[in-house]
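# Commentary on secondary and tertiary structure
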Amino acid sequence: MKIRINTMKKTLTIICLLLICQFLVRAQESSSWFSVKELRPQVWVIGDHGADNMYVIEGSDSALLVDTGLGAADLLACVKKITSKPLIVVNTHGHPDHSGANYQFEKVYMHPADFEAARSYNTPEARSGASRSMTGDAAPGEEEKFKGEIHNTKLMAVHEGTIFHLGGRNIRVMETPGHTPGSLCFLDVENKLFFSGDNNNGLVWLFLGNCLPLNKYLVTLQKQESRLYEFTTLLPGHGPEMSSQFVKDQVKCVQGILDGSLERKPYQSFAGNAMIATFGKASVAFNPDNL
Ligand SMILES: [Zn+2]
């Protein structure tokens, strides 16, 4: 009898150790998926396993999360480690690497023209597919990685000029259609920081199915250029921060494509083939049939 009890004890100990190991591995995987860096006082960038940037902006009353990334890990837990303020969540646009973790939040603000795209990507399959394409990694599916509460997320419409009052910090919405019909950027008015999603990346994709014609994107860039006095720094959805003067290169790049003065080269990616042109630091990949 004594031998049997000892064997049971040993077995239970081994099971407990295995469970603890599994828990630690999961915790480690989840926390190492994201990187967090403070860029300015009360402004943080969250790296999404190298695939995209999300930002947390904190005021004295509340905090704003700009974009939700791929949705491959527990973003809510990551944000809670950064700020304890009540959280407002916004999407710059509806692509799966920017709205992927919407399912972890009750309410997300975005432009209604991108509601349908964001909803269509809000499935475990879409999240898993986007994560694998973007990270080139054995990216986890929701069933393996994220164990938190899943919400039937309510999408809330915002438009040009909407202001989020965070307490000593006001974030104003700018509509920037082009990369998607409902693309938005967010201006930290007092600090002249411009959170620009996929509108102002070093390379902007304008060849996807729901991209607007290039001439519409030019109108957006020219609007931005006319308001350069409002912001000094671009904080994009991919890549490091840039001077706001980068917008000038983008305007010249798109103008050069439209008037035929810039050289065009073939461009290939996991999302499809296109043409690409570059001016200064700005490149645009575009569909020659959608100018
Ligand atoms: Zn995008």
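Above this note sits the structure.
Residues numbered from 1 in each chain as written. Predicted model: local features only at pLDDT ≥ 70, side-chain atom pairs only at ≥ 80, totals over all residues.

### Considering the pairing of strand β6 (residues 107-110)
Here β6 shows one buried face, formed by V108 and M110, and one open face, formed by K107 and Y109. Relative to strand β7 (residues 154-157), β6 runs parallel, the two sharing 4 bridges. From the neighbouring strand, K107 faces β7, where its bridge partner is K154. (Buried ≥ 20, exposed ≤ 12 C-beta atoms within 10 Å, placed from the backbone. Helix = DSSP H or I, 4+ residues; strand = E, 2+ residues; numbered from the N terminus. Pairing = 2+ DSSP bridges.)

### Looking at the sheet that holds strand β8 (residues 163-165)
Overall, mixed pairing links the 6 strands, which are arranged β8-β9-β10-β11-β13-β14 in an open sheet. Edge positions in the sheet fall to β8 and β14 (242-243), since each has one partner strand and no second. Sheet topology places β8 next to strand β9 (residues 170-175); 3 bridges connect them, and they run antiparallel. Bridging from a neighbouring strand, F164 pairs with I171 of β9.

### Overview of unusual backbone geometry
Phi at Q42 takes a positive value of approximately 65°, unusual for a residue other than glycine. When you line up the elements, Q42 lands in the loop between β1 (34-40) and β2 (43-48). Judged by the 20 C-beta atoms lying within 10 Å of it, Q42 is buried. Unusually for a residue other than glycine, K192 sits at a positive phi of about 55°. Owing to 13 C-beta atoms within 10 Å, K192 belongs among the partly exposed residues under this scheme.

### With respect to the packing of helix α6 (residues 214-226) against helix α7 (residues 246-258)
Across the interface, α6 lies against α7 with an axial gap of 9 Å and an inter-helix angle of 155°. By the criterion of interaxial angle, the relationship of α6 to α7 is roughly antiparallel. In terms of crossing hand, the pair formed by α6 and α7 is left-handed. Residue-level contacts link L214, N215, Y217, L218, L221, Q222, Q224 and E225 of α6 to V247, K248, Q250, V251, V254, Q255, I257 and L258 of α7. Its residues placed into classes, the contact of α6 with α7 shows 9 nonpolar, 5 polar and 2 charged. (Axes fitted to C-alpha atoms, helices over the stretch in contact; angles between N-to-C directions. Parallel < 35°, antiparallel > 145°, perpendicular 65-115°, else oblique. Left-handed = near helix turned anticlockwise from the far one by under 90°. Contact = placed C-beta atoms within 7 Å. Nonpolar A, V, L, I, M, F, W, Y, C, P; charged D, E, K, R; others polar.)

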